[in-house]
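Fold and contact review
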Protein chains: 4
Amino acid sequence: MILRIDPSSPEPLFQQLVNCVKSAVATGRMRPGDKLPSVRELARELVVNPNTVARAFQVLDAEGVTYSRRGSGTFVAEPRPTLRKDEGLRRYRAALDALLADALHMGLDAHDMWGGFEESLAELHFPPRGEEEREDDDE
Amino acid sequence: MILRIDPSSPEPLFQQLVNCVKSAVATGRMRPGDKLPSVRELARELVVNPNTVARAFQVLDAEGVTYSRRGSGTFVAEPRPTLRKDEGLRRYRAALDALLADALHMGLDAHDMWGGFEESLAELHFPPRGEEEREDDDE
Amino acid sequence: MILRIDPSSPEPLFQQLVNCVKSAVATGRMRPGDKLPSVRELARELVVNPNTVARAFQVLDAEGVTYSRRGSGTFVAEPRPTLRKDEGLRRYRAALDALLADALHMGLDAHDMWGGFEESLAELHFPPRGEEEREDDDE
Amino acid sequence: MILRIDPSSPEPLFQQLVNCVKSAVATGRMRPGDKLPSVRELARELVVNPNTVARAFQVLDAEGVTYSRRGSGTFVAEPRPTLRKDEGLRRYRAALDALLADALHMGLDAHDMWGGFEESLAELHFPPRGEEEREDDDE
DNA sequence: GTGGTCTAGACCACA
DNA sequence: GTGGTCTAGACCACG
């Protein structure tokens, strides 16, 4: 099972699950159309309350990563950008600023940060989205 | 004033202050021995509750970034790495993985991610490596 | 109080609340910066569980209609388009198709639909968003 | 075949079928007395569970849109308005208010909303008013 | 069986 | 006081 959770982490459980799924999809370990485990099944596996799993799925649905159908289950959605590019960039930059500031406080230097970034980016290996579909359509 | 706060940010106010100070210290804008403003003074400037400032200072003290002397104020402490480097790198990579996966789902491509990374890194106006090790805290 | 709920409606309670707030903001009855009632207070007024109100607020936050800050409350956000225009149009059209088909089944004719649309649109009176900020930036 | 279903839509399958039939009847593509396909036949064509088709037919029968004769099949019924017109208009307006408020939050302007409305209305290929009142159900 | 909604109540984090 | 997370368990809607 790809989806794991660390109950001792300060990060909310449902948030961990959300990130887990996003990561799995982004790296190709889960593909569009794949069925996720059912809410109850996953809750049993992860030893959390079904509501917690349901909330994670709701978030994923809302962000367009998955879609759920009553009676059949939850599935990985086709990638379809819904956010404006400028909004996406804004959120990315905000998160990155915080992350790098934190990394600095943990004693990492620019070299470490570059290296980590390259490794992390490589994991997405990018072909699925079409390599370079540039869109300069933002204001 | 180096210390700024964005009340509309989702990040807790005290946390913003903590990061702000850490950043200032890490980049050399504040140096060991420097005196921070008093809780009340800073609270007035930032228009926040003094409790919020006090909590930030308490956290900074606890993390060894500053030290407080009753009656005289709060000062920047000598730098001492609290985390082992590999642990820092591990956390950095984990956070970055989640962030980049998210960026992908938001419709960003590798070009966007690199660009944002470069900009974000530049904003740290990174201290030349080695400088942070110097001991001549001239003031 | 602007916010009302009909417990006998088949529409989920939290969804009714979400629509209520969106409507109030869209028509100018609530304005950016306005504070919404607290989760507990609103739950008491509407005679629903606080979790139900909290969920509505989470949805509103996620859609950028409001923002919440622990310790201070939930506020109407500045209007800031986050969705791609094509995605917004797609969802609008889908909802409208269903609505019109339903109206047809209820015995309304084209004249009724036009009239209702004009009245409904008039309630937004539109000045707040700048009348005609055209954006042809979608593909 | 007039009846289509989109399995990736959030709308329940049986509900889609119901609306489909209602729409076909309302626009004259199916006329009173017309025979609908059998449950099993339709289920095969649409690749859905026969239970789903049966439920749709049951709803249609209950709403008076169709009537079923054991052993011979399901037929389109004579039109008879089930709701008072003002009640229909009231519901239409209420739904439209919510929809337009939502559209506004999604960044659409009045121009977009009008355009979408016109397109959506056109798709109903509206029957000329009065035609739906005719009694000569020739077949 | 599946997901969705709601309630009740506990506990935590923030100002 | 505020909002946020999680659990437990009930009930409904769908296939």
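What counts, and at which threshold
Residues numbered from 1 in each chain as written. Chains lettered and ligands numbered in written order. Predicted model: local features only at pLDDT ≥ 70, side-chain atom pairs only at ≥ 80, totals over all residues. Heavy atoms only, no water. Near = heavy atom within 4 Å. Polar contact = N/O pair within 3.5 Å; in protein donor to acceptor, adjacent residues only side chain to side chain. Helix = DSSP H or I, 4+ residues; strand = E, 2+ residues; numbered from the N terminus. Phe/Tyr/Trp six-rings, centres within 6.5 Å; stacked < 30°, edge-to-face > 60°. Buried < 20%, exposed > 50% of the residue type's maximum accessible area, 1.4 Å probe, protein only. Contact = heavy atoms within 4.5 Å. Buried area = accessible area lost by both parts, 1.4 Å probe. Salt bridge = Lys/Arg side-chain N within 4 Å of Asp/Glu carboxyl O. Nonpolar A, V, L, I, M, F, W, Y, C, P; charged D, E, K, R; others polar.

**Structural notes on the protein's contact with DNA strand E**
Neighbouring DNA strand E are 25 residues, the closest being Val-39 and Arg-40 of chain A together with Leu-13, Asn-51 and Thr-52 of chain C. Taking the atoms of DNA strand E that fall within 4 Å of the protein, sugar and phosphate contribute 64% of them. Here a phosphate oxygen of DNA strand E and a backbone polar atom of Asn-49 of chain C are 3.0 Å apart. Elements supplying a minimum of two residues to the surface near DNA strand E: α2 (39–46), β1 (66–69) and β2 (73–76) of chain A, α1 (13–26) and α3 (50–62) of chain B together with α1 (13–26) and α3 (50–62) of chain C. With three residues, the single largest contributor to the surface near DNA strand E is α3 of chain C.

**Quick look at the packing of aromatic side chains**
Any pair of aromatic rings gets described here by the distance separating the centres and the angle formed by the planes. Inspection of every chain in the model, using the stated rule, returns 14 aromatic pairs over all chains. Ring geometry for Tyr-67 of chain D and Phe-75 of chain D: centres 5.7 Å apart, planes at 25 degrees, overall stacked. What makes Tyr-67 of chain D partly exposed here is its relative accessible area of 32%. For Phe-75 of chain D, a relative accessible area of 16% translates into the label buried. Ring geometry for Trp-114 of chain D against Phe-117 of chain D: centres 6.3 Å apart, planes inclined by 85 degrees, an arrangement best described as edge-to-face. In this pair, Trp-114 of chain D and Phe-117 of chain D are both assigned in helix α5 (residues 110–123), three residues apart and thus about one turn of the helix distant. Feature note: the residues Trp-114 and Phe-117 of chain A together with Trp-114 and Phe-117 of chain B constitute an aromatic cluster, connected by ring pairs.

**Notes on the environment of Ile-5 of chain A**
Residue and element names in this part refer to chain A. With respect to the helices and strands, the residue Ile-5 is situated in the segment before α1 (13–26). A C-alpha to C-alpha distance of 6.3 Å links Ile-5 and Gln-16, two positions 11 residues apart in sequence. Apart from the residues within four sequence positions on either side, Ile-5 is in contact with Leu-13, Gln-16, Leu-17 and Leu-46.

**A short note on the interface of chain A and chain B**
Interface size, as often reported, equals the accessible area lost upon joining of the parts. If you look at the interface, chain A gives 47 residues, while chain B gives 42 residues. The junction of chain A with chain B conceals about 4,400 Å² of combined surface from both sides, 69% of it contributed by carbon and sulfur atoms. On inspection of chain A and its partner chain B, the count reaches nine salt bridges. Between Lys-85 of chain B and Asp-112 of chain A there is a salt bridge whose closest N-O contact spans 2.9 Å. Where chain A meets chain B, there are 12 residue pairs in polar contact (both at pLDDT 80 or more).

**Focus on the protein's contact with DNA strand F**
As a structural note, the neighbourhood of DNA strand F is formed by 25 residues, with Leu-13, Asn-51, Thr-52 and Arg-55 of chain A together with Arg-40 of chain C the closest of them. Between DNA strand F and Phe-14 of chain A, the relevant distance is 3.4 Å, taken from a phosphate oxygen to a main-chain nitrogen or oxygen of the residue. In the environment of DNA strand F, a phosphate oxygen lies 2.9 Å from a nitrogen or oxygen atom belonging to the side chain of Arg-55 of chain A. For the surface near DNA strand F, the secondary structure elements donating two or more residues are α1 and α3 (50–62) of chain A, α2 (39–46), β1 (66–69) and β2 (73–76) of chain C together with α1 (13–26) and α3 (50–62) of chain D. For the surface near DNA strand F, the leading source of residues is α3 of chain A, giving three residues. Of the residues that constitute the surface near DNA strand F, the class distribution is eight nonpolar, 11 polar and six charged.

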